[in-house]
Amino acid sequence: MKFLINGEFIDKSDHYDVINPYNGEIVDTVPIAYRSDVDNAVEAANNAKKALNDLSAKEVSINLYNACEELEKESKNIAKLIVAEAGKPYKQAIGELQRSVETLQFAAEEAKRIYGESVPIDATGPTEARFLAFTKKVPLGVVGAITPFNYPVNLALHKIAPAIAAKNTVVMKPSMEAPLSALRLAEIINNHFPNGVINSVTGYGSEVGDAMVVSTGIDKISFTGSVATGLFISSRAGMKKLTMELGGNDPLVILEDADIEKAVNAAVSGAFLFSGQVCIGVKRLILDNKIAEEFIDLFVKEVSKLRMGNPMDESTDIGPVINESSALNIETSVNRAIEDGAELLLGGNRKDCFFEPTILDNVTMDMDIVASETFGPIAPIIRVDGLDEAIKEANNTQYGLQAGVFTESIHNALRCANEIEAGSVLINKESTFRTDAMPFGGFKSSGMGKEGIKYAVEDMCKTKLIAFNCR
Ligand code: NAD
């Protein structure tokens, strides 16, 4: 596949292979762009600003709806690309496409409701009463979108769709691991907008991504990925606006008064969705000792039912992780936790890129497996006594993306909602819950800024004050 600049597909002399983590086969090759290609993409995006801004909000909305229709028609093919390039089980990949269609729909709706406001400029005194003043939301210009491998279409859309809804042009860089579905997405968007409104470039983060980050022709970087890369980008971006959607270490707190069956179901889907490679996956189970045994018995039984296998098979729950080096890292973290005193209750084995769904008991927050984000099918259990200790452990991390709490007590729910430091606290739901319209974004090292179309659109605009001296 090729990348897209100003409506033209670009190839290069150097390519890299996109490898299917399930069987090691080459899915396709992708050109390796240089810094000069980024410059070309940025120039095309800047040149396309006028054509996009000449469209009415209604025309932008209609074009986004049309792109949405095309994406819906192509959903199955794109879902299969995600399965092949990222090893995501088909039923989860098709779920991502359904959400992506909705994300585009929300953006098409939002394009028609970007409001400024009237400003009571006479609040400072009578002299100013002669003024009529209001604000207008204007596009930033060019948005650089840098995205990770795990939701290659929907997370790219969370940047591209609100950017275009607010009449910004875009340069997008997908993950090296999963670029194919994102390149198809860019092609579809391009079919409905003037050339240069959307441009894509593929290649190394340290070259292509960095060239975007330091470019003076880009007004905002919207980044989703790891904390380490996010911090590096922040140090290089200069005066650009930034949105940072970074890693998570989300707790699922299960208190003594929880509905255990519901909590178990939430823990199974939360910890093992896409083999645990989800920013808002449940990365820590914080269990009250009083219900720990009952919870664990049922949890082990339910996790044992997960089917590991070919991700293209519609009955598969657990596919491979993204590559062998990631599987090896998971193996090292699990083995270290066991050496440090954790008890292995289920799984623990690796074969190539596959890692078995694994449950570890008696984990403590000083173990690597929970001290930093582990992107794998692991459910580490941290035992606590009572609500205070549960909240303390939930907050005992540099991350603060989302959190889930199971309790039947309104008092306990309110305490958790108020005291857990996270972008979202979900009562009687796992942290893995997200809708594409809700405000989404972490506290602490998990990021800054919010996505969710309405909120992302706000962040893709700047506010201009216009004042008329009426006398
Ligand atoms: P990553 O940080 O390795 O890469 C993300 C993107 O950054 C890729 O496109 C990569 O090529 C690019 N990149 C790498 N170095 C760069 C540089 N120096 N300058 C500019 N760009 C550079 O992340 P990943 O492994 O693809 O994804 C997994 C991570 O993403 C996890 O930490 C996960 O929690 C996080 N994530 C967060 C969210 C969220 O919304 N908060 C959602 C999904 C994933």
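Here the residue index of a chain counts from 1 through its sequence in written order. Two thresholds apply to this predicted model, a pLDDT of at least 70 for residue-level local features and 80 or more for giving and counting side-chain atom pairs, whereas whole-chain, interface and lining totals are computed over all residues. Hydrogens and waters are ignored; side-chain quantities use all the structure's heavy atoms.

### Considerations on the sheet that holds strand 9 (residues 220–224)
Filter applied, for reference: Any two strands with at least two DSSP-identified bridges between them are counted as paired. Only runs of H or I of at least four residues qualify as helices and only runs of E of at least two qualify as strands under DSSP, and these elements are numbered from the N terminus. What makes two residues a contact is simply this: any of their non-hydrogen atoms within 4.5 Å. For helices, the fitted line uses only the C-alpha atoms of the stretch in contact; every axis is such a line through C-alpha atoms, and the angle between N-to-C directions lies from 0 to 180 degrees.
Strand order in the open sheet made by the six strands is 8-7-6-9-10-22, with mixed pairing throughout. On the outer flanks of this sheet lie strand 8 (198–200) and strand 22 (447–448), each paired with one strand and no other. Of the strand pairs in this sheet, strand 9 and strand 10 (residues 241–245) are connected by five bridges, and their pairing is parallel. When the sheet's bridge partners are listed, Thr 224 is paired in strand 10 with Glu 245. With respect to the sheet, helix 6 (residues 154–165) is in contact with strand 6 (142–146), strand 7 (169–173), strand 8 and strand 9, its orientation differing from that of strand 7 by roughly 165 degrees.

### Examining empty space enclosed by the protein
In this approach a probe as big as a water molecule rolls over the atoms, and the regions it shows empty are the leftover space. Condition: Cavities and pockets are found on a 1 Å grid laid over the protein atoms alone: a cavity is a set of points where a 1.4 Å probe fits but cannot escape, a pocket is an open set with protein on both sides within 12 Å along at least five of seven lines, and a lining residue has an atom within 4 Å of such a point. Grid points are joined across faces, edges and corners, and a volume is the space filled by probe spheres set on the points. For this classification, the nonpolar set comprises Ala, Val, Leu, Ile, Met, Phe, Trp, Tyr, Cys and Pro, the charged set comprises Asp, Glu, Lys and Arg, and every other residue, Gly included, is treated as polar.
Throughout the structure, instances matching the rule amount to two cavities of 30 Å³ or more. Within this model, the largest cavity holds a volume of roughly 60 Å³. Together, Asn 249, Gly 270, Ala 271, Gly 276, Gly 281, Val 282, Lys 283, Ile 369, Thr 374, Gly 376, Ile 378 and Pro 380 line the largest cavity. Looking at the lining of the largest cavity, the elements with two or more residues in it are helix 10 (260–272), strand 12 (282–288) and strand 17 (378–384). A breakdown of the residues in the lining of the largest cavity according to their chemical character gives five nonpolar, six polar and one charged. Looking at the second largest cavity, it is lined by 14 residues, and the ones nearest its centre are Pro 251, Tyr 399, Gly 400, Gln 402 and Glu 421. Contributing elements (two or more residues each) for the lining of the second largest cavity: strand 11 (250–254), strand 18 (399–400) and strand 19 (402–406). Class assignment of the residues belonging to the lining of the second largest cavity gives a composition of seven nonpolar, four polar and three charged.

### Considerations on the environment of Lys 173
What counts, and what does not: Only protein chains enter the accessibility calculation, which uses a 1.4 Å probe; a residue whose area is less than 20% of its type maximum is buried, one above 50% is exposed, and one in between is partly exposed. As used in this structure description, the phrase polar contact means that two N or O atoms lie within 3.5 Å; if the pair is within protein, one of them must be able to donate a hydrogen and the other to accept it, and residues adjacent in sequence are counted only when both atoms belong to side chains.
Note that Lys 173 resides in strand 7. Exposure remark for Lys 173: the relative accessible area of 5% places this residue in the buried category. Separated by 33 residues in the primary sequence, Lys 173 and Ser 206 place their C-alpha atoms 12 Å from one another. If near-sequence neighbours (up to four positions away) are discounted, Lys 173 is found in contact with Ala 145, Ile 146, Thr 147, Val 201, Gly 203, Gly 205, Val 208, Gly 209 and Met 212. A polar atom in the side chain of Lys 173 sits 3.3 Å from the backbone oxygen of Gly 203.

### A word on the site of the ligand
Inclusion rule: For this purpose, a residue is taken to be near a molecule or strand whenever a single non-hydrogen atom of the residue falls within 4 Å of it. Using the Shrake-Rupley algorithm and a 1.4 Å probe, accessible areas are obtained, with residue cover drawn only from the displayed protein chains. Think of it this way: a molecule belongs to a cavity or pocket when more than half its atoms come within 2 Å of the grid points there. Annotation comment: domain bounds sourced from an automatic or database domain assignment.
Residues in contact with the ligand amount to 28 residues; listed here are only the nearest, Thr 147, Ser 226, Thr 229, Leu 246 and Glu 373. Measuring from an oxygen atom of the ligand, one finds a backbone N or O atom of Thr 147 at 2.7 Å. Contact between the ligand and Lys 173: an oxygen atom at 3.0 Å from a side-chain N or O atom of the residue. Contact with the protein chains hides 87% of the accessible area of the ligand, taken as 860 Å² for the molecule alone. Judged by the proximity of its atoms to the pocket grid, the ligand belongs to the largest pocket. Within the residue set of the shell around the ligand, elements represented by two or more residues are helix 8 (205–214), strand 9 and helix 9 (227–236). A domain-level breakdown of the shell around the ligand finds at least three residues from each of domain 1 (3–246 + 446–469) and domain 2 (251–435).

### A word on the packing of aromatic side chains
The condition is simple: Between rings of Phe, Tyr and Trp, where Trp is taken as its six-membered ring, a pair exists when centres lie within 6.5 Å; planes separated by under 30 degrees are stacked, by over 60 edge-to-face, and by other angles tilted. We call a charge positioned above a ring when the Lys NZ or Arg CZ atom is no farther than 6 Å from the ring centre and deviates by at most 35 degrees from the ring normal.
Overall, the coordinates contain six aromatic pairs when judged by the stated rule. Ring pairing ties together the aromatic residues Phe 149, Phe 274 and Phe 375, which thus form one cluster. The ring of Tyr 151 carries Lys 88 above its face, with NZ or CZ at 3.5 Å from the centroid. Arg 434 extends its terminal NZ or CZ atom over the ring of Phe 440, reaching a point 3.8 Å from the ring centre.

### Thoughts on the environment of Arg 113
Following the sequence through the fold, Arg 113 ends up in the loop between helix 5 (90–110) and strand 5 (131–139). With 341 residues separating them in the primary sequence, Arg 113 and Lys 454 have C-alpha atoms 9.3 Å apart.

### Observations concerning the domain arrangement of the protein chain
Applied cut-off: Joining two parts hides part of their accessible area as seen by a 1.4 Å probe, and the buried area is that hidden amount summed over both. By convention in these notes, a salt bridge is any Lys or Arg side-chain nitrogen within 4 Å of a carboxyl oxygen on Asp or Glu.
In terms of domain boundaries, the protein chain breaks down into domain 1 (3–246 + 446–469) and domain 2 (251–435). Each of domain 1 and domain 2 was reduced to a C-alpha centroid, and the two centroids are 31 Å apart. On the domain 2 side, the residues contacting the 25 residues of domain 1 number 27 residues. Interface of domain 1 and domain 2: buried area, both sides summed, is about 2300 Å²; carbon and sulfur atoms make up 61% of it. A per-residue breakdown of the area domain 1 buries against domain 2 is headed by Tyr 22, Phe 149 and Ser 446, which together make up 23% of the total. At the surface where domain 1 touches domain 2, the tally comes to one salt bridge. Taking the shortest distance from any N to any O, the salt bridge between Lys 91 and Asp 317 comes out at 2.8 Å. Put simply, the parts of the chain that give the side of domain 1 that touches domain 2 at least two residues each are helix 4 (75–86), helix 5 and helix 6. For the side of domain 1 that touches domain 2, a count of residues per class yields eleven nonpolar, six polar and eight charged.

### What about the pattern of salt bridges?
One pass over the structure, following the stated rule, counts 27 salt bridges. Residues Glu 110 and Arg 113 are paired through a salt bridge, measuring 3.1 Å at the closest nitrogen-oxygen approach. Judged by its relative accessible area of 40%, Arg 113 falls in the partly exposed class. Among the ionic contacts, a cluster of salt bridges with common partners joins Arg 35, Asp 210 and Arg 236.

### Quick word on the layout of surface pockets
For the largest pocket, the calculated volume is near 980 Å³. Looking at the largest pocket, it is lined by 40 residues, and the ones nearest its centre are Pro 148, Phe 149, Gly 225, Ser 226 and Thr 229. Every element with two or more residues in the lining of the largest pocket is listed here: helix 8, strand 9, helix 9 and helix 12 (324–339). Grouping the amino acids of the lining of the largest pocket by side-chain chemistry returns 15 nonpolar, 19 polar and six charged. Three or more residues apiece are contributed to the lining of the largest pocket by two domains, here domain 1 (3–246 + 446–469) and domain 2 (251–435). The computed volume of the second largest pocket comes to approximately 180 Å³. At four residues, the largest contribution of residues to the lining of the second largest pocket is made by strand 3 (residues 15–19). Its residues assigned to classes, the lining of the second largest pocket comprises eight nonpolar, four polar and five charged. Counting residues domain by domain, the lining of the second largest pocket receives three or more from each of domain 1 (3–246 + 446–469) and domain 2 (251–435).

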